[in-house]
Amino acid sequence: MSGACQDRKGRWQEIQKGLQFIQSTLPFPGSQELYEVYIGDLVWNLFGEGNDVFREGDWTKSIEMYTEALSVAEYADSEEIYVPANLLEKLYANRAAAYLNIVPGLHDQALEDCEKALQFNEGNYKALYRKAKSLKEMGRHQEAYEAVAKCSLAVPQDSSVIQLTQDLAKILGLKIRKAYVRTKPALNVLQSSSYQDAACEKASHGSASVEEIEIDVPRQGQDGTKAPGPASVQPPLAEAGVEELSSSPPRQQQYTVRAAGFRVRSRGPCRCPPRSPSPRS
């Protein structure tokens, strides 16, 4: 068995253990910090598994994984556990891609997920492209054109974006204009030149097609800084007592606004009053 297969098998085992535990009422045998890592890693693992089955062409299974990840993230939010906004954004954008790949496409669901992804990042050009595709299939051509126009400004040379833009322009009776293609700069261009700025901007978008899903998402800490990858947190043992769980008081969480139903943490201190805990059934 290859290393990749072993890693994936181990990840799937961690997913099953994690889901089994959070469905129980057992106390977590560790600090609040470790509990947050444990829940966060479960979301990351579900995201990774969803990406793998998507690339294998199993759209239904990928939707299942992304949906489970978002469900766990919603559970984490109810427990005042931080899930990075960039991860939630990519989960919605990737699930929208899976919805569109199913035959016939689930355009209503894809559109809803695109809107939620754009609440986290209005410049997500893949979400804009999928929003435009969904609206086109729903017969909302003007709205579709407005969405793909924003996408085209971000990735003007993407062949899928060009084709969708031209199709919608024909439907709306708009004149199709030939795009200007910039020439490559000389090798001795000064570092302060605008050419280098343009190259940096292009690199920030990456070379991936709008048809591809998001695979690599930088992990962010609670203050918005880059955080390490998933840690191996062992499932809690049944003999752990409640006293051990309560020995470390939970950290105060700072949130600012809500996006797609989730609280999004700011990088600085938040002066908003804390939300009252909802009654548990």
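A quick note: this is a predicted structure, and the numbers were derived from the prediction, not measured. (Residues numbered from 1 in each chain as written. Predicted model: local features only at pLDDT ≥ 70, side-chain atom pairs only at ≥ 80, totals over all residues. Heavy atoms only, no water.)

Enquirer: Tell me about the overall build of the chain, and name the residues and values.
Expert: For the chain, the count of helices and strands is 10 helices and two strands. Counting only residues that meet the buried cut, the chain has 40% of its 281 residues in that class. Counted over contacts in the chain with a minimum sequence separation of 6, partners at least 24 positions apart contribute 67%. Working note: accessible area of the chain is about 16700 Å², and carbon and sulfur atoms make up 53% of it. (Helix = DSSP H or I, 4+ residues; strand = E, 2+ residues; numbered from the N terminus. Buried < 20%, exposed > 50% of the residue type's maximum accessible area, 1.4 Å probe, protein only. Contact = heavy atoms within 4.5 Å. Areas by Shrake-Rupley, 256 points an atom, 1.4 Å probe, with all protein chains shown as cover.)

Enquirer: Could you give an account of the environment of arginine 55, naming the residues involved and the relevant values?
Expert: Along the chain, arginine 55 falls in helix α2 (residues 32-55). The class of arginine 55 is exposed, set by a relative accessible area of 53%. Separated by 157 residues in the primary sequence, arginine 55 and glutamate 212 have C-alpha atoms spaced 9.1 Å apart. Within polar-contact distance, the side chain of arginine 55 engages the side chain of aspartate 52 at 2.5 Å. (Polar contact = N/O pair within 3.5 Å; in protein donor to acceptor, adjacent residues only side chain to side chain.)

Enquirer: Break down the packing of helix α5 (residues 107-120) against helix α6 (residues 125-137) for me, citing the residues and quoting the values.
Expert: Their axes nearest at 9 Å, the elements α5 and α6 cross at an angle of 150 degrees. Taken as axis vectors, α5 and α6 run roughly antiparallel relative to one another. In the crossing of α5 with α6, the sense of the turn from one axis to the other is left-handed. Facing His107, Ala110, Leu111, Cys114, Glu115, Ala117 and Leu118 of α5, the residues of α6 in contact are Ala127, Leu128, Arg130, Lys131, Ser134, Leu135 and Glu137. Of the residues contributing to the contact of α5 with α6, the split by class is eight nonpolar, two polar and four charged. (Axes fitted to C-alpha atoms, helices over the stretch in contact; angles between N-to-C directions. Parallel < 35°, antiparallel > 145°, perpendicular 65-115°, else oblique. Left-handed = near helix turned anticlockwise from the far one by under 90°. Nonpolar A, V, L, I, M, F, W, Y, C, P; charged D, E, K, R; others polar.)

Enquirer: I'd like a rundown of the side chain of threonine 165, residues and numbers included.
Expert: Within the secondary structure, threonine 165 sits in helix α8 (residues 159-172). Here valine 161 takes part through its backbone oxygen, which lies 2.7 Å from a polar atom of the side chain of threonine 165. When neighbours within four sequence positions are excluded, threonine 165 is seen to be in contact with Tyr145, Val148 and Ser152.

Enquirer: Mind laying out the nonpolar core, listing which residues take part and the relevant values?
Expert: Core analysis: the largest hydrophobic core is formed by 63 residues, its most contacted members being Ile39, Val72, Leu91 and Cys151. For this core, the secondary structure elements donating two or more residues are α1 (3-22), α2, α3 (59-78), α4 (85-101), α5, α6, α7 (141-154) and α8. At 11 residues, the largest contribution of residues to this core is made by α4. (Core = buried A, V, L, I, M, F, W, Y, C linked by side-chain atoms within 4.5 Å.)

Enquirer: Describe in detail the pattern of salt bridges, supporting the description with residues and values.
Expert: The final tally for this structure, using the stated rule, is 13 salt bridges. Of the charged contacts, one joins arginine 8 and aspartate 52 as a salt bridge, the two residues approaching to 3.9 Å between their closest N and O atoms. Here arginine 8, found in helix α1, pairs with aspartate 52, found in helix α2; they are 44 residues apart in sequence, far enough to count as distant. Taking the relative accessible area as the measure of exposure, arginine 8 reaches 22% and is therefore partly exposed. The closest approach of N and O atoms between glutamate 115 and lysine 131, which form a salt bridge, is 3.4 Å. Of the two residues, glutamate 115 sits in helix α5 while lysine 131 sits in helix α6, which places them 16 residues apart along the sequence. Residues participating in the shared-partner salt-bridge network are Arg8, Arg11, Glu49, Asp52, Arg55 and Glu56. (Salt bridge = Lys/Arg side-chain N within 4 Å of Asp/Glu carboxyl O.)

Enquirer: Requested: an account of α5, with residues and values cited.
Expert: Over its 14 residues, α5 runs 20 Å from end to end, which matches the ideal 20 Å to within 8%, given 1.5 Å per residue. Along α5, the residues classified as buried are Ala110, Leu111, Asp113, Cys114, Ala117, Leu118 and Phe120. (Expected span 1.5 Å × (residues − 1).)

Enquirer: Please provide a residue-by-residue account of α8, values included.
Expert: Counting along an α-helix, one turn takes 3.6 residues, and residues three or four places apart therefore face a common direction. Over its 14 residues, α8 runs 20 Å from end to end, which matches the ideal 20 Å to within 8%, given 1.5 Å per residue. Of the residues making up α8, those classed as buried are Ser160, Val161, Leu164, Thr165, Leu168 and Ala169. Axial view of α8: buried residues confined to an arc of 160 degrees, hence all on one face. Exposed side of α8, more than 90 degrees from the buried face: Ser159 and Lys170 are the residues found there. Contacts from the buried residues of α8 go to α6 and α7. A side-chain oxygen of the first residue of α8 lies 3.0 Å from the backbone nitrogen of serine 160; this N-cap is aspartate 158. Following α8 by one or two positions, glycine 173 adopts a phi angle in the positive range, close to 75 degrees. (Arc of directions from axis to C-beta.)

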